[in-house]
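What the coordinates show
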Amino acid sequence: MQEMNRSALGFSMLFLAGAMNGSFALPMKFTRKWAWENTWAIWTLFALFLFPFLLAYITVPQLNSAYSQAGVWVVSLVAACGAGWGIAQVLFGLAVEAIGIALTFSVVLGLSAALGSLIPLFRLHPDEVVSPAGLAAIAGVALVLVGVGLCAVAGRKREAARGTTKARTSVTGGLVFCALSGVLASLMNFGLALGGPILEAVQKNGAPKLWSPNAVFFPLMLAGGLPNLVYCIYLMRKNNTANRFREVGSASHWFLVAFMAVAWFGSTILYGASTTTLGQLGTVLAWPLFMSLIVITASICGASTGEWKGAGRQPFRIMAAGVGVLIVAIFVLALSSQMR
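Rules used throughout
- Residues numbered from 1 in each chain as written.
- Predicted model: local features only at pLDDT ≥ 70, side-chain atom pairs only at ≥ 80, totals over all residues.
- Heavy atoms only, no water.
- Helix = DSSP H or I, 4+ residues; strand = E, 2+ residues; numbered from the N terminus.
- Contact = heavy atoms within 4.5 Å.
- Axes fitted to C-alpha atoms, helices over the stretch in contact; angles between N-to-C directions.
- Parallel < 35°, antiparallel > 145°, perpendicular 65-115°, else oblique.
- Left-handed = near helix turned anticlockwise from the far one by under 90°.
- Nonpolar A, V, L, I, M, F, W, Y, C, P; charged D, E, K, R; others polar.
- Buried < 20%, exposed > 50% of the residue type's maximum accessible area, 1.4 Å probe, protein only.
- Arc of directions from axis to C-beta.
- Patch = residues over 30% accessible without salt bridge, like charges linked within 9 Å, V, L, I, M, F, W, Y side chains within 5 Å.
- Areas by Shrake-Rupley, 256 points an atom, 1.4 Å probe, with all protein chains shown as cover.
- Salt bridge = Lys/Arg side-chain N within 4 Å of Asp/Glu carboxyl O.
- Phe/Tyr/Trp six-rings, centres within 6.5 Å; stacked < 30°, edge-to-face > 60°.
- Polar contact = N/O pair within 3.5 Å; in protein donor to acceptor, adjacent residues only side chain to side chain.

Turning our eyes to something else, we now look at the side chain of asparagine 205. For asparagine 205, the position within the fold is in the loop between α9 (196-204) and α10 (214-239). For asparagine 205, the contacting residues outside a window of four places in its chain are Pro61, Gln62, Ser65, Ala66 and Gln69.

Here it is as structure tokens:
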């Protein structure tokens with residue numbers, strides 16, 4: 001009974017995390033006086049530098065001691081995964097520019113869901129691969145890929161129906177950026193999985209198990225923030241948009257971006273906490289669930305804000321089918337958590 005209660009708590013946190021992450025970017029619709037790079041630079045400072053630092057030192061006692069106990073190698077591995085994840089965000093932006101949002105979203109989230117789940121399964125839990133739980137997890141990941149793929153097809157058809165499809169300068173290059181971003185994006189989950197010694201150290205020092213992932217997220221996000229910030233500074237210099245921070249009437253943008261950072265960072269913390277409640281395969285099961293819930297929430301937000309208006313019935317039906325497959329994937333992955 002206690003195990004079932006812990007799983008229920010974990011899935012509740014995951015659902016909330018997915019809803020927050022899938023909708024965190026909505027305030028960007030109202031930061032019109034800033035360029036994308038202005039918004040993303042401030043978001044990076046809040047979400048990847050300030051908040052992880054504050055939360056780690058507030059919730060985790062003897063944090064520096066825990067890093068020493070875990071060892072430089074482990075902390076460096078986590079940071080390297082974070083840097084790779086940060087580069088993935090830059091490549092995501094380049095892919096969107098080359099091949100569009102729909103296809104980019106599909107490939108990146110699909111690869112990230114698959115690799116972010118299967119690498120920890122095969123690397124850290126090889127004995128579970130052919131178990132009922134492992135096979136169910138693999139089946140759930142496969143359904144995630146199908147569901148995200150259907151959502152991408154719907155997005156492409158929507159663009160075509162609304163006449164927004166344009167010639168891309170380099171489709172091949174865009175797909176390369178997209179594939180690299182998808183592979184590197186999964187490193188956030190892999191970094192959390194590799195941070196096991198840090199989790200053990202902070203728990204020995206008295207940190208609650210639920211908050212212990214904050215000690216892993218700190219070096220992971222700090223390293224991930226650097227490529228994002230460097231890329232934003234490059235864009236501001238290239239596009240001469242650094243002066244947009246002083247635009248008249250843009251004071252509210254700071255609060256909107258801070259809200260974005262709270263929603264995104266909060267979703268990530270909830271995701272990390274949920275992995276501690278789902279047993280041995282926590283990082284294996286939670287990641288594809290998280291990705292699925294993000295896509296579902298983003299699809300609902302898009303539909304409610306008129307993004308599918310004028311696209312016709314077929315694209316919307318395909319999108320609904322994709323969301324349906326993702327919901328089935330959630331049930332399969334939830335079932336696998338009870339088969340250990």
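Okay, the packing of α10 against helix α11 (residues 251-275) next. Interhelical geometry of α10 versus α11 gives an angle of 135 degrees and a closest axis separation of 10 Å. By the angle between their directions, the pair α10 and α11 is classed as oblique. Note on packing geometry: the crossing formed by α10 with α11 is right-handed. Packed against α10, whose contacting residues are Asn214, Phe217 and Met221, the element α11 presents Trp264, Phe265, Thr268, Ile269, Tyr271 and Gly272 at the interface. Its residues assigned to classes, the contact of α10 with α11 comprises six nonpolar, three polar and no charged.

Let us now look at helix α3 (residues 63-70). Listed in full, the buried residues belonging to α3 are Leu63, Ala66, Tyr67 and Ala70. Buried residues of α3 fall within an arc of 100 degrees about the axis and therefore sit on the same side. In the stretch just after α3, glycine 71 is the one whose phi turns positive, near 105 degrees.

So, about a nonpolar patch on the surface. A grouping of Leu50, Phe53, Leu54, Tyr57 and Ile58 is seen on the molecular surface, where their side chains present a nonpolar patch of about 470 Å² in accessible area. One can find phenylalanine 53 in helix α2 (residues 36-59).

By convention here, two paired aromatic rings are described through the distance between centres and the angle between planes. If you walk through the whole model with that rule in mind, you get 14 aromatic pairs. Residues phenylalanine 53 and tyrosine 57 carry aromatic rings whose centres are separated by 5.1 Å and whose planes lie at 50 degrees to one another, so their mutual orientation is tilted. Here phenylalanine 53 and its partner tyrosine 57 are both found in helix α2, four residues apart, which amounts to about one turn of the helix. Of the residues examined, phenylalanine 53 reaches a relative accessible area of 39% and is grouped as partly exposed. For tyrosine 57, a relative accessible area of 39% gives the class partly exposed. In this structure an aromatic cluster arises from ring pairing among Trp36, Trp40, Trp43, Trp85, Tyr231, Tyr234 and Trp264.

Locating asparagine 228 in the fold gives a position in helix α10. Look at asparagine 228 and you get buried, because its relative accessible area is 2%. Polar contacts involving the side chain of asparagine 228 include one to the main-chain carbonyl oxygen of glycine 86, which spans 3.5 Å. Beyond its immediate stretch of four places on either side in the chain, asparagine 228 contacts Trp40, Thr44, Leu48, Gly86, Gln89 and Val90.

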